[in-house]
Amino acid sequence: MSVFSVDHLRVRFGGVQAVRGVSFGVESGRTLAIVGESGSGKSASLLGATGLLPGSASVEGNVLHRGQEILGLPDRDLRRLRGPQIGFVFQDPLSNLHPLKTIGDQIGEAISVHQRITRRQKHERVLALLDDVGIADPQARFSDYPRHLSGGMRQRVMIAIAIALDPGLIIADEPTTALDVTVQAAILDLLKRLQEEHGTALIFVSHDLAVVSDIADDVVVMRDGLVVEQAPADDIYLRPRQDYTRELLGAARLGGPKSYAVQRDRQATRPLLDVQAVARSFASRPVLDDVSFTIGEAEILGLVGESGSGKSTIGRLIAGLDRPNAGRISLKGRDYSQPGSGGVLPGDLRRSIQVVFQDPYASLNPRRRIEAILADPFVIHGTVDKAELREKVKQLVTDVELSHDVLERLPSQLSGGQRQRVAIARAIALRPSLIVADEPVSALDITTQAKVIRLLARLRDKLGVSFLFISHDLGVIGELCDRVIVLEKGQIVEVGQTQQVFERPAHAYTRRLLASIPGRKRPPAEAELEDVIYG
Amino acid sequence: MVKQFSSVVLRSISTLVIVLILSFFITRIAYRNPAAMLAPRNATQESIDAVARALRLDDPWYLQLWYYLFRGPDIQGAPMGLMHWPPALGYSFRKQAPVTDLILAKAPVTLSLAIGALVIWMTIAIFSGVAAARWQGRLIDHVLAFFAYVGLSVPTFLSGILISYFLFFQLSNQGIHWFPSSGYVPLSEDPLQWARHLALPWATLAIAEIGLFQRMVRASMLDVLGHDFIRTARAKGVPEGRVYFSHALKSALNPILTLGGLELAAIMGGAIVTETIFGLDGVGRMAIAAALEGDFPVVIGTTIFAASAFITTTLAVDLVAQWRDPANRN
Amino acid sequence: MADTIHSPVALIVPRASPSPGILLLKRLWRERAVRTGAVIVGIVLLAALSAPVVSHLLGHGPMEQFEGTALDEMGLPIGPTLEFPLGADGNGRDVLVRTLYGAQVSLLVGVPATTIAMIIGTAIGLVSGFFAGRTDRIISQAIDVALSFPFVVTALSLLALNRGGTGQPIVPPMVVVITIIALFSWAYFARLARGLVLELRTSPMVEASRTIGASWARIIWFDILPNILPTVFVYWAVQLPANIVAEATLSFLGVGIQAPMPSWGNMIAEAQRTSLYQEQPWFLAGPGLALFLTVVGFNTLSAGLRNVLDPNRRRA
């Protein structure tokens, strides 16, 4: 008998049907992965089934917990299930933990709301739980607040809350999405270990087939509120039946990049940008230390590192949005960034270096039409003729493969991918020699990511522009970049041709990063999968 | 944490110093000829000049600023100077008494009025605001919203008149003497009479504030209830009452504390309207009487007192907020 | 070239929409609080505009005393009659006409005072937030100082100073009241604008404009102002009823608009002081209800505007 199953579940928010009749179930000791992109209804179905959606949502269908119908149960009865029977782990552990309560209190509360327990017993059980989820020195961490912990530690606290009463089922909703890749690997190991020790059923929700590939026993693929494909993991990964599953598999980069950027002759590219011994610190905390590298003409240089490695700071320094404390940066032999104060980039250099920011929602002015946003660079640099302006803007839109009717729209009327294309169009408008792209695809859905990546590669070929491509995602870097720099705690630990770095990493940290790429145990089965997306 | 605290304290001190210096220039505009005001009514020009010399009024303005802030010549035996204890807020020529003494004599009335009203409005506003957020969009939410908007849209002087008319005049006409017409009984003398005398003024002040704060509690709660950590609490099986009062309210409290401090400070500086309507002999009533009869030292002294009360209260609220912030712990 | 092929995502674009202005008005009108508030505010405006007309029709000027017709033998004011629809006050003046003129005074003080405060405060806040550093520290300190003076008490001392040696005001009281109210509300606008600008100036949107070489003036005009003004305008609507009450309070205390010029505040004060409202309830109810209605109208309108326009609140 299933520990937990849903049957013909439907979830509606006002007029929006988020989940349109899905069925699945999970048994003790097994892991069910639910995979889909944003808006597929994967989270809504689980939150709806367990009564955690706000009252404005309506949920219909059947939800069975150990054979008992729980949909429509009064709040009191549902509350007795949450915690003792069903534990939850959510996506972003910072926003999911109470900012003003200590972690000891928050874990302890998970026990004390269901059991009568003395303060001392509670304290001891919390310490045992902290130890169980792999937090060193629990006694010292007990009265810390969430903001004092790293992302990985916070997620371990969330897991401690979920397993506090040893529930038969754990629902984990994108539990590793906000985490660095090495931390993600550790959290996946932890979940797997706990599941094996306690024989728990696990439902693991993710947008990425690669992440769940090592732990899933069964996989449900969802799209637009419906189940696309539901099968044992081996079938999904080796013999997918649906096109959409194949598309997701293609975008998932199981076990690292499937193909590397075409090798270019290193000698052929003349150096464009030269970064010399740059250092930067904020409030006497060093962020970058002795960073030196070059970018060649028409080269895409990847900069990879985990959060806090200083990779975005490098981007801001090169883009002239910040100044270093030491060292210098030059473009085509002209120094433009040195320690000091005041404006960084002189006018003619200003147009040579452009930026694409991570979040296209935040980098486009919400109150201006796309046409006005894209006309800006030309207006600022002297174009006044209306007709000429319009022609130039239309050409830009064509360059980034958008249709001309987006020009009349406001940013809020575009999808995330379209917005990022507009941001890219603005960056190429002044025909710069270098574009700093800071995590330009991280905010996008996995299938949209692949399309934007290909656009960047084509723009390089067509315009001869160089890119500094900053990302935490090794898979994306591997497919796009000619060379790659690995950054750890503000220092460069490895530089080299992408394929060489990926296949023969020299530094221990690089090896650890590469080993953490999810899906290593399930290399892509068939070459034809890639055709779906690259065809 | 010490760094955060000291920067907040320093900022309040600098604000206070600027306020005091500004008040000096107001006094220089206000007292056109203080020596003549102080001298006997039919004094000769010579004796007026003698008084001016004794007060060192012929010294340049920066020296006078020094006397004003730190230590100046005595006026009628009371020393001048804001920055010693007790600070001298000036001398009322009309009442022939130091302003500090006058204010300190009235302060207990205003303080009782302010603190009592604060306790009443905060209690009611928090419970009704949480209820409005809990049952958002339901009948109770609409009813509470209606009362809140009526409450915050009636100016204090209007609600005061209505309250005194219905709860005092009409009740008295019916022979029911629950509330006295005016006056004040110190808390130390008779707590019951103290509360009886303050009940109607408290209600007047609280009505407007409840409206404001109930809306604010509701908005702040709704904001916090949308956060992920509330869902975590529910996922742990925490009962709803605890979700609202322990988890949500704890996070929603900061803007409420801040505004509460501001309103409390404003009332301590003189609940002029309420004190006037209910005949309470507080700081505010003294200030308006002084303003109408041209007793400038009292008006300016009250202004300085009120501004200092405001700065102190906001400082206290800031420190509480800093203390609550986990960034400043450990 | 291959890159002219449109991706499927790019082709699915919603149809072009009407101008943002019309969309905004539609969104506003859909909010019930905006509709209710607009109707009430409309009534108040109409009342203010109709004051001279009603005065002419009834033949009663706002400051004229009709001791013969409006007071009875005991010298007490008469209640509502055909000639005096809301009765008369203790001096035999028409309460209806005075209440309608009171609406004019309220708006003529409240609207300019709030608008001046908004313009000055927003400009100062903009400078403070945008140029940061020492400028910001000095302006923030000035804002702190301005906010620490409690309104009524300080207004009292300033208005007391306005009395010359003879007790006659030196500057017209209405101008002083407008100045004092503006003096006390600019700091709220400055603090609001400063906070909004501080958040925006380091946003990706502004940095994106900087990287294409936009000047500071251009960034302020195109990126910052359009994104802070809706919130500032909402705050104007929030502050206006508070300032109308502030004028009424000063007039009630006898230091604002002086009789015989009609103001709701001094009418209510007179009704209370003489206790005549116990004989002639409209003497208090007329100006009282008018003031209440005005404040309710603007409060409702501003609450509705805030629901629609203020993104911070909308997220809640």
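Quick caveat, the model's predicted, so the values are computed rather than measured. Along each chain, residue indices are assigned from 1 in the same order as the chain's sequence is written. Here chains are named by letter from A upward and ligands by number from 1 upward, in the order in which they appear as written. The model is predicted, so local features are restricted to residues of pLDDT at least 70 and side-chain atom pairs to those at 80 or more, both for listing and for counting; the totals for chains, interfaces and linings are taken over all residues. Based on all heavy atoms of the structure, the side-chain values leave hydrogens and waters out of the count.

Draft legend 1. Spatial organisation of the interface of chain C and chain B. Contacts between the two partners involve 38 residues from chain C and, on the opposite side, 42 residues from chain B. Any Lys or Arg side-chain nitrogen found within 4 Å of a carboxyl oxygen on Asp or Glu counts as a salt bridge. Between Asp 144 of chain C and Arg 11 of chain B there is a salt bridge, with the nearest N and O atoms lying 2.8 Å from each other. Polar contacts here mean pairs of N or O atoms no more than 3.5 Å apart (in protein, one a potential hydrogen donor and the other a potential acceptor; neighbouring residues in sequence count only if both atoms are side-chain atoms). Counting across the interface, chain C meets chain B through four residue pairs in polar contact (both at pLDDT 80 or more). A per-element tally of the side of chain C that touches chain B places helix α12 (residues 282-309) of chain C first, with eight residues. Note that Gly is not counted as nonpolar here; it falls among the polar residues with everything else outside the nonpolar set of Ala, Val, Leu, Ile, Met, Phe, Trp, Tyr, Cys and Pro and the charged set of Asp, Glu, Lys and Arg. Its residues assigned to classes, the side of chain C that touches chain B comprises 23 nonpolar, eleven polar and four charged. Two residues qualify as a contact provided that any one of their heavy atoms is within 4.5 Å of a heavy atom in the partner residue. Secondary structure elements follow DSSP: runs of H or I of four or more residues count as helices, runs of E of two or more count as strands, with numbering from the N terminus.

Draft legend 2. Quick look at the packing of aromatic side chains. Stacked, tilted and edge-to-face pairs are distinguished by plane angle, under 30 degrees for stacked and over 60 for edge-to-face with tilted covering the rest, among Phe, Tyr and Trp rings (Trp via its six-membered ring) whose centres lie within 6.5 Å. Using the criterion set out here, one finds 14 aromatic pairs over all chains in the structure. For the ring pair Phe 151 of chain C and Phe 184 of chain C, a centre distance of 5.1 Å and an interplane angle of 85° mean the geometry is edge-to-face. On the criterion of sequence distance, the pair formed by Phe 151 of chain C in helix α7 (residues 151-161) and Phe 184 of chain C in helix α8 (residues 173-201) is long-range, its members being 33 residues apart. Take Phe 151 of chain C: its relative accessible area is 22%, and that puts it in the partly exposed class. Ring geometry for Phe 189 of chain C versus Tyr 235 of chain C: centroids 5.2 Å apart, planes at 85°, classification edge-to-face. A residue pair is termed long-range when its members are at least 10 positions apart, and Phe 189 of chain C in helix α8 and Tyr 235 of chain C in helix α10 (residues 216-252) qualify at 46 residues. Judged by relative accessible area, Phe 189 of chain C falls into the buried class, the value being 1%. What links up through ring pairs into an aromatic cluster is the set Tyr 165, Phe 166, Phe 168 and Phe 169 of chain B. Any residue under 20% of the maximum accessible area for its type is buried, any over 50% is exposed, and the rest in between are partly exposed; the area is computed with a 1.4 Å probe on protein chains only.

Draft legend 3. How the structure looks around the environment of Pro 172 of chain C. Residue position: Pro 172 of chain C is located in the loop between α7 and α8. As for Pro 172 of chain C and Ile 257 of chain C, which are separated by 85 residues in sequence, their C-alpha atoms are 9.1 Å apart.

Draft legend 4. Layout of the pairing of strand β2 (residues 16-26) of chain A. All names here are of chain A. By definition, two strands form a pair when at least two bridges between them are found by DSSP. Bridge count between strand β1 (residues 4-13) and β2: eight bridges; the pairing is antiparallel. Looking across to β2, one finds that Val 11 is bridged to Val 19. Where β1 folds back on β2, the antiparallel hairpin that results is connected by two residues, among which Gly 14 adopts a positive phi of roughly 55°.

Draft legend 5. Up close: the side chain of Lys 236 of chain B. For Lys 236 of chain B, the position within the fold is in the loop between α9 (228-235) and α10 (240-268). What makes Lys 236 of chain B buried here is its relative accessible area of 4%. Those residues in contact with Lys 236 of chain B that lie beyond four places of it in its chain are Arg 82, Gly 83, Gln 106, Glu 109, Ala 110, Val 113, His 114 and Ile 161 of chain A together with His 247 of chain B.

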